Amino acid sequence: MSGSLRRRLRCCLVCILAFLGLQFVVVLLRLGVFDEFASSQLILQQQQLSWQFIAHTPDQPDDFFQYNRQLSDNLPAVRALPATRHDSCNARHYALPHASAAQLSVVISFYNEARSMLLRTILTLVSRTPEDYLHELIIIDDCSGDVTLLESLERVMTLVCATRRRPTLIFRRNLRRMGLIWSRNEGARVASGHYLLFLDSHCEVNNGWLEPLLDRLALNSMLAVSPVLDPIEPETLSYLAGNVLLKGGFDWSLHFHWLPRVLAVEELPEWPYSSPTFAGGILMISREWFHQLHGFNPHLEIWGGESIELAIKLWLCGGQIEIVPCSRIGHIFRVRHAFEFPPQFDEDQLDSTQATYLRNSKIIAESWLDEYKYLFYAFKPAAKQIPLNLHPVQPYDPALIKAERQCHPFDWYMRHVSPELRLQHSNLSALGTLRNAGRCLYVAETKARLHLQFTSCHHLGVTQWHLHHDTGQLSTTQQLCLGVEFTVEQPQLRLETCRNCQAGQHWLRTDTHLQHAQTHLCLDNPLEDQLVLSACRPHAVSQSFQFALEMQS
Ligand code: UD2
Ligand code: MN
């Protein structure tokens, strides 16, 4: 073979090899191998940044966060979670609106949250939410002590989201502690998605959390929904299954309670169900509807009550609330508050936590409870003393909202939404503090013994009494009944466990007297500080006892 032919053949071979090589690169490109390489570089970069981010957590005492921060730092940012929802939720078809009509804005306000916990909340949300729907993340630092946190978080999140079209990231830091209610309203104000989700900063959304909620919201624009909250244990951070047989409610002190729900015939526990309030404060609602309702009441301060007030307002003004068991979000339920409350006013009997909550509750009672607010005051007499000091520049007037939206009176809520509230007092003939000569009967506990004393009626811990209609029992909220012990000398008053059909625990109300049915003796306070039994004297002031609230029979 001549040299030139050999050269030509070699040239052809090189061309063919170069062509094949090019084809190979094209195939690799098509398969996204280079992307994967680039993205694995990015993941490494992200991981390193997240570690650095977490490593810069300032030193804090062990109980600072009220959960196991060390463990949180050592767990993966996004960890596999047990599938807590019912199997049928996976197979169900969710009628999702098109993404262009269901953009979601997530609002997370945090105050002194551990870096790893906050990052887990956010990264889990980003990785378990369909990209097309997650429009924006609004993260508000409520002036936490860790002053560099937000800046570093922004750096990590910008990198994490570098390869995605969504979500838009919005970071805000309050110049002073504004509280979660103000911050969530602020988040809602700057949001631009169709829906709002309010989330705590120590949550983990579980797989498929969004679709079941959107499926319900798309059917009814005036509906607001909550997932079932799966408890995350604060010490072990174990992710447990939430109870689907509970709905949200509250008592007359305006404290949140989980209430048992009764399944209708053929109703399956995993179906969405109506609830008097949200599952705590984690809720999703159309942004437009939220603003039509004027958002969270801006007069409420720092923490507490905002989701109860939104729930009452929503139901009374044409909306509905559902809890959706196919959607699961984990939340760390802490035993104690992990933060202090700013001082409210110089009330020596109330600490600022109690004062803030009581003031918020009083605002809700005054705004929505109509004549039933007297029940609230009967259960919480200390609220009467709390000054409201409503900020005049806050444009929020429940009376205007009621007129604007033609809202029902509170009685409607009791009849149609939360009959449990009526049950709480339907069997009582009187309740609240029990007053004699300007002071109130109080159960004091000293050295594991209970004493009956009199104290100021505005004392926050003053005993609340219930006079039961059917049994005549006079009980405390701790289920202790006032009874009589028959000693040799004379019958003595004592507190005992309430028992059914206990004649010794039966009291009769004649005028303002409380007469013991068995002995016919009356409650008496002759020395102005000691409760005794003595012969009834119709006009004796020391035998005249007034309850905070008498129920009409
Ligand atoms: C419950 C609700 C919460 C809210 C609150 C009452 C659940 C799961 N959570 O909170 O959504 O309704 O009751 O208001 O039901 N925070 C601030 N600024 C503050 C105080 C708190 O941003 O001044 C943040 C905090 O970091 C957390 C969120 O607000 O992300 C809720 O506070 P929490 O988790 O301490 O209280 P929790 O779970 O009892
Ligand atoms: Mn929380």
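Residues numbered from 1 in each chain as written. Chains lettered and ligands numbered in written order. Predicted model: local features only at pLDDT ≥ 70, side-chain atom pairs only at ≥ 80, totals over all residues. Heavy atoms only, no water.

## So, the state of the cysteines
Consideration 1: Under the criterion given, the structure shown has 4 disulfides.
Consideration 2: The thiol of C161 is unpaired, and the distance to the nearest cysteine sulfur, on C203, comes to 18 Å. (Disulfide = S-S within 2.5 Å.)

## A look at the coordination of the manganese ion (ligand 2)
Octahedral metal centres with six donors ideally show angles of 90 or 180 degrees, and tetrahedral centres with four donors ideally show 109.5 degrees.
Consideration 1: Taken together, the protein ligands of the manganese ion (ligand 2) are D200 (OD), H202 (NE2) and H331 (NE2), with distances of 2.2 Å.
Consideration 2: Of note, the donors binding the manganese ion (ligand 2) are all from one chain and are spaced D-x1-H-x128-H.
Consideration 3: Take H202: its relative accessible area is 5%, and that puts it in the buried class. (Donors = N, O, S within 2.8 Å, 3.2 Å for Na, K, Ca; no water. Buried < 20%, exposed > 50% of the residue type's maximum accessible area, 1.4 Å probe, protein only.)

## Points about the environment of W303
Consideration 1: Considering the arrangement of structural elements, one finds W303 in the loop between helix 9 (287–292) and helix 10 (306–316).
Consideration 2: Sequence separation between W303 and M178 is 125 residues; the distance between their C-alpha atoms is 9.7 Å.
Consideration 3: With near-sequence residues (within four places) excluded, W303 lies in contact with L180, I181, H337, F339, F341, T356, Y357 and N360. (Helix = DSSP H or I, 4+ residues; strand = E, 2+ residues; numbered from the N terminus. Contact = heavy atoms within 4.5 Å.)

## Quick notes on the side chain of N525
Consideration 1: Within the element layout of this structure, N525 appears in the loop between strand 21 (521–524) and strand 22 (532–535).
Consideration 2: Aside from chain neighbours lying at most four places away, what touches N525 is N436, F454, Q530, S542 and F545.

## A few points about a negative patch on the surface
Consideration 1: Where like charges cluster on the molecular surface, the negative patch consists of D62, D63, E233 and E235.
Consideration 2: Mapped onto the fold, E233 is located in the loop between strand 6 (223–232) and strand 7 (246–250).
Consideration 3: When its relative accessible area of 30% is taken as the criterion, E233 is described as partly exposed. (Patch = residues over 30% accessible without salt bridge, like charges linked within 9 Å, V, L, I, M, F, W, Y side chains within 5 Å. Areas by Shrake-Rupley, 256 points an atom, 1.4 Å probe, with all protein chains shown as cover. Salt bridge = Lys/Arg side-chain N within 4 Å of Asp/Glu carboxyl O. Lys, Arg positive; Asp, Glu negative; His and termini not counted. Charge placed at Lys NZ, Arg CZ, Asp CG, Glu CD.)

## Structural notes on the site of ligand 1
Consideration 1: Taken together, 23 residues surround ligand 1, and among them S109, D142, R177, S201 and E306 come closest.
Consideration 2: Between ligand 1 and D142, the relevant distance is 2.7 Å, taken from a nitrogen atom to a side-chain nitrogen or oxygen of the residue.
Consideration 3: H331 is positioned such that a nitrogen or oxygen atom in its side chain is 3.1 Å from an oxygen atom of ligand 1.
Consideration 4: When ligand 1 is considered free in solution it has 740 Å² of accessible area, and contact with the protein chains removes 91% of it.
Consideration 5: Mapped onto the shell around ligand 1, the elements with two or more residues apiece are strand 1 (104–110) and helix 7 (180–190). (Near = heavy atom within 4 Å. Polar contact = N/O pair within 3.5 Å; in protein donor to acceptor, adjacent residues only side chain to side chain.)

## Details of helix 10
Consideration 1: Among the 11 residues of helix 10, 11 are classified as buried, and the element is accordingly described as predominantly covered.
Consideration 2: Turning to helix 10, its buried residues number three or more, namely E306, S307, I308, E309, L310, A311, I312, K313, L314, W315 and L316.
Consideration 3: Where helix 10 ends, the next residue or the one after it, G318, has phi of about 105°, a positive value.

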